[in-house]
Amino acid sequence: MKIVSIVGARPQFIKAAMVSRALRARPGVREVLVHTGQHYDDALSGVFFEDLALPEPDHRLGIGSASHGVQTGQMIEAIERVLLDERPDWVLVYGDTNSTLAGALAAVKLLIPVAHVEAGLRSFNRAMPEEINRVLADHASDLLFAPTEAAAVNLRREGLPEERIRLVGDVMYDAARHFAGRAERSDVLGKLGLARGTYVLATVHRAENTDNETRLRSIFDGLRSVAARTPVVMPLHPRTREALARLGAMKGDTGNLRLLDPVRYLDMLLLERNARLIITDSGGAQKEAFFFRVPCMTLREETEWVELVELGWNRLVPPGDAGSIAGAVEGALMHPPKGREADGLYGGGRAAEILVEILVEGAG
Ligand code: UD1
Ligand code: UDP
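Residues numbered from 1 in each chain as written. Chains lettered and ligands numbered in written order. Predicted model: local features only at pLDDT ≥ 70, side-chain atom pairs only at ≥ 80, totals over all residues. Heavy atoms only, no water.

Observations regarding the overall build of the protein
And step 1. Counting secondary structure elements, the protein contains 16 helices and 13 strands.
And step 2. Taken against the 2.2 N^0.38 rule, which gives 21 Å for 364 residues, the C-alpha radius of gyration of the protein at 20 Å falls within 12% of a compact globule.
And step 3. Dimensions of the protein along its principal axes, counting C-alpha atoms only, are 55 × 40 × 40 Å.
And step 4. Here the protein holds 364 residues, and the buried ones make up 58% of them.
And step 5. Across the protein, every contact between residues at least 6 apart in sequence was considered, and the portion connecting residues at least 24 apart equals 71%.
And step 6. Looking at the protein as shown, the accessible area adds up to about 14500 Å², and 50% of this sits on carbon and sulfur atoms.
And step 7. Here the protein contributes 43 positively and 49 negatively charged side chains, and the mean placements of these two sets differ by 3 Å. (Helix = DSSP H or I, 4+ residues; strand = E, 2+ residues; numbered from the N terminus. Rg over C-alpha atoms; globule rule 2.2 N^0.38 Å. Buried < 20%, exposed > 50% of the residue type's maximum accessible area, 1.4 Å probe, protein only. Contact = heavy atoms within 4.5 Å. Areas by Shrake-Rupley, 256 points an atom, 1.4 Å probe, with all protein chains shown as cover. Lys, Arg positive; Asp, Glu negative; His and termini not counted. Charge placed at Lys NZ, Arg CZ, Asp CG, Glu CD.)

Take a look at the structure:
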């Protein structure tokens, strides 16, 4: 059996890592790994292949950054060529990026079965590029691997047939569990001079925050004001670095708000695990905060990981103005919210093995 896995952006390398291991452990299965090139900086791509011990991609499409239409279109064209050449039994796509949509569309048009890992997540905000990518990828897929109960419910509500939907758990939970021990060997805290439990970790990269000057300014000023009392470390996605530079925010001393280059996966896990609070708009970081039972604030109006808000581990803080962000953070630092526990929210750490079993042993 031949399976083509399509990845291209940072979170997809993480999602694919455990699945790739599980596929390669099965006799008679050959995985062909395709890297679209959506992320190409070493700090967003190469270091993840090293940390996660991902195999060298069989095909590097080298598409790079462009407008949505150009980027997605070029990916579809290049992926189609690979699929015609490889003739796989299945195509696996991950998450909600333009690489996900391109992979699903290229495969479905060639009548190659598609399996979507992390299916069914919804923000119900069609202004997000990710929401369009998810909905279309799900409706083009033959197998929908839902990470949560809420995701499975969303798929049913959209009329997707029950036999396609499989609740398997979250492959990012598998990865965090698998790599947490190794992350303890990271020297990132020492290098940054950070003591465990004393700092706030922040990441921001979502288009709705970086491409809106008012929101980005509020986030930056809000975090600066928090940093006057508690150190804030912020690994910057290149998109955010560029947007902050446009605002003139990269000039001068940002004091205790420490703007870093993106960090590698193992460093990130250690930074997350030892943070007092995580402030983010990242999907992955919201869950990792919970995996390590660190309180989280999400700088958005809505989230796809609704269960964490319901249980009290995550709080939505729409970035209206700097004062409200700083106020919410100060409040959480003084009275750390403690969420309720729930068993198996994201599966048992074997989502990748379970989904590979379903894929290989027959989807029927
Ligand atoms: C993409 C995904 C988003 C995901 C994120 C993970 C889409 C529509 N968005 O957003 O869902 O959460 O990846 O990190 O697919 N850039 C670099 N170096 C790189 C890659 C990008 O400098 O290696 C810069 C370029 O200026 C580029 C910008 O970042 O224009 C945005 O990159 P892009 O891949 O289009 O979207 P992300 O914001 O990374
Ligand atoms: N991440 C990382 N280094 C960073 C920022 C994030 O390793 O500097 C990891 C993070 O731990 C999580 C994943 O990248 O596993 C999340 O990716 P991102 O925030 O880019 O995308 P999203 O999850 O929002 O799609």
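Quick word on the site of ligand 2
And step 1. Close to ligand 2 lie 18 residues, the nearest being Arg206, Val263, Ser282, Gly284 and Glu288.
And step 2. The contact in question runs from an oxygen atom of ligand 2 to an N or O atom on the side chain of Arg10, over 2.9 Å.
And step 3. At a separation of 2.8 Å, an oxygen atom of ligand 2 approaches a polar backbone atom of Gly284.
And step 4. Burial of ligand 2 by the protein amounts to 95% of the accessible area it has alone, namely 530 Å².
And step 5. Elements supplying a minimum of two residues to the shell around ligand 2: helix H1 (10–24), helix H12 (265–273) and helix H13 (283–291).
And step 6. When its residues are assigned to classes, the shell around ligand 2 shows nine nonpolar, four polar and five charged. (Near = heavy atom within 4 Å. Polar contact = N/O pair within 3.5 Å; in protein donor to acceptor, adjacent residues only side chain to side chain. Nonpolar A, V, L, I, M, F, W, Y, C, P; charged D, E, K, R; others polar.)

Quick look at the sheet that holds strand E9 (residues 232–235)
And step 1. The strand order across the open sheet formed by six strands is E10-E9-E8-E11-E12-E13, and the pairing between neighbours is parallel. Only two strands of the sheet have a single partner each, and these edge strands are strand E10 (257–260) and strand E13 (314–316). Going across the sheet, the axis of each strand differs from the next one's by a mean of 20°, ignoring polarity.
And step 2. Two elements, strand E11 (residues 277–280) and strand E12 (residues 296–298), share three bridges in a ladder whose sense is parallel. In the strand pairing of E12, Ile278 is matched with Cys296. (Pairing = 2+ DSSP bridges. Axes fitted to C-alpha atoms, helices over the stretch in contact; angles between N-to-C directions.)

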